[in-house]
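Spelled out, the chains give:
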Amino acid sequence: MMSTPTALSRRSFVVASVGAALALGLDGTAQAGGRSPFGRYGSPSARLTERTLYVHPGGLGDHTTVQAAVNAANGSGYTLVIAPGTYREIVAVNSTRTEMTWIGASGKARDVVIVYDNAAGTPKPGGGTYGTSGSATTTVQADGFTARDVTFANDWLRADHPEITGTQAVAIKVQGDRSAFWRCRFLGHQDTLYADSMALGTFARQYFAHCYAEGDVDFVFGRATAVYEHCRFHTLARDVDFTPKGMVFAPSTAGANPYGYLAVKCRITSGAEDGAYKLARPWVPSSDTTARPSLVVRDTWMGPGIDAAAPYTNMSSGFPWQDQRFAEYRNTGPGAEVLVPENRPQLDADQAQLRTRETYLGDWRPYERRR
């Protein structure tokens, strides 16, 4: 994606501190009292099913890294139970490993963190740079992927690399259809959560429930059909003297796709000053100049960090946001005030009936499952 001007960004990156909180040692010792580090999900000696793999950084599971467990899951329908820890690694789930589930064993996303620090402009060992997609800490291409209680992060910081201009740094890139995330966290700065698809003509459906995502520039972006329900989006403080400091959403929905991003019953908070952020801008990539980015934000509370007078802006010339599919409905909060009506397209009640999780996700109903 097109980057905003390079600027230093300083933040103390939050990752889980394991050990003390859960009395789980990373040296391979079990919890106090002999309890399993995998909680109610059992242990390798008494596994849930033959397709359950246990990941523990100290060696108490089947594997010590998430990628090793993914590699061992050679087929469909595997479950990875991941013990508390900070897993500093790059993880890729290819398209053959369908119907995979990742479970953070403690039930708290803060305790299970998958993190790395590549950016688009980071030099590759063999020459060249990683690019936006290559910067992803985690990449999921398989259909039917589910994650619960896991943090996906990219802790690359502009302040540490002033020589790098490609500052996109993806925490997770999701491309598979029927991808669901429950109570997960997505941490980064620019391009944190890449909700996409495998190909231009593939309309991948994705569902995010009770999740948390933070960043600054375009930190929720891509061409997936994605529903964000009861999620919190947090815009970070930035040590820069220009406005806007960033944007929450940057969809790149294919023109043939009737549905793009839907945020419903969410909250948008900010660590920056009032009005510092835009709600969205359209991304029309050079690889698809026929894209018509689509975003509906409804029944959502927006804090003062969003510029209420002009919540949308353009990414590139020739593709004004007014020509895209942006709309709102029944939003509240200081960042949702309709100060300039032409700057905030609103759905009417009849239109809103067609902008629901049911219409976006069709016959796939992840919200009906037990979590």
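Student: Requested: an account of the overall build of the chain, with residues and values cited.
Tutor: Counting its secondary structure elements, the chain contains four helices and 25 strands. Expressed along its principal axes, the backbone C-alpha trace of the chain runs to roughly 60 × 50 × 40 Å. A total of 371 residues make up the chain; the buried ones form 56% of that total. By element, 48% of the accessible surface of the chain is carried by carbon and sulfur atoms, the whole surface being about 14,500 Å². Across the chain, the centroid of the 37 positively charged side chains sits 5 Å from that of the 35 negatively charged ones.

Student: Mind laying out the pairing of strand β15 (residues 212-215), listing which residues take part and the relevant values?
Tutor: What you see with β15 is no split at all: Tyr 212 and Glu 214 on one side and Ala 213 and Gly 215 on the other are buried throughout. Where β15 and strand β18 (residues 232-235) come together, four bridges link them in parallel fashion. Residue pairing for β18: Ala 213 is matched across the bridge by Phe 233.

Student: Break down the confidence of the model for the chain for me, citing the residues and quoting the values.
Tutor: With 90% of its residues at a pLDDT of 70 or more, the chain has an overall mean of 91. Note on residues 2-33: pLDDT is under 50 here. Beyond four places in sequence and across chains, it has 85 contacts.

Student: Explain the pairing of strand β25 (residues 325-329) to me, and be specific about the residues and the numbers.
Tutor: Judged by how many residues are buried, β25 sits mostly within the fold: five of five residues are covered. Alternating residues of β25 divide into Arg 325, Ala 327 and Tyr 329 and Phe 326 and Glu 328, and every residue in both groups is buried. With five bridges joining them, strand β23 (residues 294-298) and β25 adopt parallel strand pairing. Paired with Val 296 across the bridge in β25 is Ala 327.

Student: Go over the pattern of salt bridges, please, and point to the residues and values.
Tutor: The tally for this structure, following the rule as stated, stands at 18 salt bridges. Within the structure, one salt-bridge network assembled from shared partners comprises Arg 158, Asp 216 and Arg 238.

Student: Any chance you could break down the packing of aromatic side chains for me, citing the residues and the numbers?
Tutor: In the structure shown here, the tally under the stated rule is 22 aromatic pairs. Taking 4.9 Å as the distance between ring centres and 20° as the angle between the ring planes, the aromatic pair formed by Phe 208 and Tyr 228 counts as stacked. Note that Phe 208 is positioned in strand β14 (residues 205-209) and Tyr 228 in strand β17 (residues 225-229), a separation of 20 residues in sequence. For the pair shown, Phe 208 and Tyr 228 are each scored as buried. For the ring pair Phe 233 and Phe 249, a centre distance of 5.1 Å and an interplane angle of 65° mean the geometry is edge-to-face. With Phe 233 in strand β18 and Phe 249 in strand β19 (residues 246-251), this pair connects stretches of sequence that are 16 residues apart. Owing to a relative accessible area of 2%, Phe 233 belongs among the buried residues under this scheme. Put simply, the rings of Trp 102, Phe 145, Phe 152, Phe 181, Phe 186, Phe 208, Tyr 228, Phe 233, Phe 249 and Tyr 261 pair up and form one aromatic cluster. The lysine or arginine in question, Arg 357, covers the ring of Tyr 367, its NZ or CZ lying 4.0 Å from the ring centre.

Student: I'd love a proper account of the sheet that holds β14, names of residues and values included.
Tutor: Strands sit in the order β1-β2-β5-β8-β11-β14-β17-β20-β23-β25 across an open sheet of 10 strands; the sheet is parallel. Strands with a single pairing partner mark the edges of an open sheet, and in this sheet they are β1 (52-55) and β25. Pairs of neighbouring strands in the sheet enclose a mean axial angle of 10°, with direction left out of account. In this structure, strand β8 (residues 146-148) lies alongside strand β11 (residues 179-182), joined through three bridges in parallel fashion. In the strand pairing of β11, Ala 147 is matched with Phe 181.

Student: Give me the nonpolar core: which residues, what numbers.
Tutor: Grouped together as the largest cluster of nonpolar side chains are 66 residues, with contacts concentrated most on Trp 102, Phe 181, Tyr 228, Phe 233 and Phe 249. If you look at the next biggest cluster of nonpolar residues, it comprises 16 residues, including Val 296, Tyr 360, Trp 364 and Tyr 367.

Student: Let's hear about unusual backbone geometry: which residues, and what values?
Tutor: With an omega dihedral of -5°, the bond running from Thr 243 to Pro 244 counts as a cis peptide bond. A positive phi angle, close to 55°, is found at Glu 99, a residue other than glycine. In this structure, Glu 99 sits in the loop between β4 (91-93) and β5 (101-104). When its relative accessible area of 34% is taken as the criterion, Glu 99 is described as partly exposed. Despite not being glycine, Lys 265 has its phi angle at roughly 55°, a positive value. Take Lys 265: its relative accessible area is 46%, and that puts it in the partly exposed class.

Student: Let's hear about the environment of Ser 197: which residues, and what values?
Tutor: Relative to the helices and strands, Ser 197 resides in the loop between β13 (193-195) and β14. Residues Ser 197 and Arg 185, 12 residues apart in the sequence, show an inter-C-alpha distance of 20 Å. Setting aside residues up to four positions removed in sequence, Ser 197 forms contacts with Val 174, Gln 175, Thr 202, Ala 204 and Arg 223. Of note is the side chain of Ser 197, whose polar atom sits 3.0 Å from the backbone oxygen of Thr 202.

Rules of the game
- Residues numbered from 1 in each chain as written.
- Predicted model: local features only at pLDDT ≥ 70, side-chain atom pairs only at ≥ 80, totals over all residues.
- Heavy atoms only, no water.
- Helix = DSSP H or I, 4+ residues; strand = E, 2+ residues; numbered from the N terminus.
- Buried < 20%, exposed > 50% of the residue type's maximum accessible area, 1.4 Å probe, protein only.
- Areas by Shrake-Rupley, 256 points an atom, 1.4 Å probe, with all protein chains shown as cover.
- Lys, Arg positive; Asp, Glu negative; His and termini not counted.
- Charge placed at Lys NZ, Arg CZ, Asp CG, Glu CD.
- Pairing = 2+ DSSP bridges.
- pLDDT = per-residue confidence, 0-100.
- Contact = heavy atoms within 4.5 Å.
- Salt bridge = Lys/Arg side-chain N within 4 Å of Asp/Glu carboxyl O.
- Phe/Tyr/Trp six-rings, centres within 6.5 Å; stacked < 30°, edge-to-face > 60°.
- Lys NZ or Arg CZ within 6 Å of the ring centre and 35° of its normal.
- Axes fitted to C-alpha atoms, helices over the stretch in contact; angles between N-to-C directions.
- Core = buried A, V, L, I, M, F, W, Y, C linked by side-chain atoms within 4.5 Å.
- Polar contact = N/O pair within 3.5 Å; in protein donor to acceptor, adjacent residues only side chain to side chain.

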